[in-house]
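A structural walkthrough
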Number of protein chains: 2
Amino acid sequence: MTKYATKILEIVESSHSHMTADQIFDALRRTYPTVALATVYNNLNRLWQEEKIHKVSVEGMPDRYDRVERHDHLVCKKCGRLLDVDLGDLTAQLERAAGLSILSYDLKLIYLCDECRSDTEQKGM
Amino acid sequence: MTKYATKILEIVESSHSHMTADQIFDALRRTYPTVALATVYNNLNRLWQEEKIHKVSVEGMPDRYDRVERHDHLVCKKCGRLLDVDLGDLTAQLERAAGLSILSYDLKLIYLCDECRSDTEQKGM
DNA sequence: AATAGAATTAGAACAATTCTAAAATTGGTG
DNA sequence: CACCAATTTTAGAATTGTTCTAATTCTATT
């Protein structure tokens, strides 16, 4: 673990805000002002392969990074906002229902966040 | 619905293979050899907004398109291969567990496809 | 046939990410 | 410490997937 990898892991784990590579780059530059964006991508990929961080993908948006402890997500259908939610470990149930063994799963609950809901109501939709 | 939109919808619905925009472009060109890629993106976006097709996003891969009837997915952790699986409609359970109301959900079971599993075993992993 | 509105086109532009090759850093070993 | 090899970082170019733009074509209506 190099100093950059260490700090990047720290940033990803301490922020629960699902940052993009670019946001992590900005945050990292506050500590190491000369770091290159490629270093961020290198280390994010390495940490991801080593399963030290998670990647969250929502259609049409840049990948976001997340701590690795199991939990699920709420995704706003309108604005893509991402929030944590934890429904507990459903692996056993899912395996039973699917009739095969899985490594893990990725569960996103699609909803309308408060902000988007009030936008929608305003416009009488 | 224009002729392109109609044909694109037909391609997406008839193939259960989760095609990328590019693959849909190729397929469409077999019927309309002069069609432009932008037309494919325009129509895919339109159909998606009208909720006539689904978009499936896996980290690091181009978006893939899918029929809209509810079903879940198996995603191979190694190669990203996507297969359909249907665990039934879990909306009610998930809402109960999460304590809020949702529009829908996106469930991916992560596994190793047969091919990747035998690769893995060969290398003694 | 004239017109307006929508759809399509080609290609440029853009954003996110990966690649490349060179330079810097790190960790042993003699 | 001095050397070497391996790893990491760097800057910038390249690639990929997608969107944008403005001109053109198509369609439907008068």
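To be clear, the structure that these remarks concern was listed above.
The structure displayed is predicted, hence computed values, not measured ones. (Residues numbered from 1 in each chain as written. Chains lettered and ligands numbered in written order. Predicted model: local features only at pLDDT ≥ 70, side-chain atom pairs only at ≥ 80, totals over all residues. Heavy atoms only, no water.)

Notes on the protein's contact with DNA strand D
Looking at DNA strand D, there are 17 residues lining it, with Y4, A36, T39 and R46 of chain A together with Y41 of chain B nearest. When atoms of DNA strand D within 4 Å of the protein are sorted by moiety, sugar and phosphate together comprise 83%. Note that a phosphate oxygen of DNA strand D is positioned 3.3 Å from one of the side-chain N or O atoms of Y4 of chain A. Side-chain polar atom of R46 of chain A to a phosphate oxygen of DNA strand D: 2.7 Å apart, as the coordinates give it. Elements represented by at least two residues in the surface near DNA strand D include exactly α3 (37-49) of chain A together with α3 (37-49) of chain B. Top element by residues in the surface near DNA strand D is α3 of chain A. It accounts for five residues. Its residues placed into classes, the surface near DNA strand D shows nine nonpolar, six polar and two charged. (Near = heavy atom within 4 Å. Polar contact = N/O pair within 3.5 Å; in protein donor to acceptor, adjacent residues only side chain to side chain. Helix = DSSP H or I, 4+ residues; strand = E, 2+ residues; numbered from the N terminus. Nonpolar A, V, L, I, M, F, W, Y, C, P; charged D, E, K, R; others polar.)

Some thoughts on the relation of the copies chain A and chain B
The transform that puts chain A on chain B rotates by 180 degrees and translates by 0.0 Å along the axis, for an RMSD of 0.1 Å. Given the turn and translation reported, the copies of this chain are related as if by a two-fold rotation axis. It is L107 of chain A whose C-alpha, among those of chain A, lies nearest the rotation axis, at 2.3 Å. In this assembly the copies share their binding face: 100% of the residues contributing to the interface of chain A also contribute to that of chain B. (Least-squares fit on C-alpha atoms with pLDDT ≥ 70 in both. Contact = heavy atoms within 4.5 Å.)

Keep in mind these numbers describe shape, not what the thing actually does.
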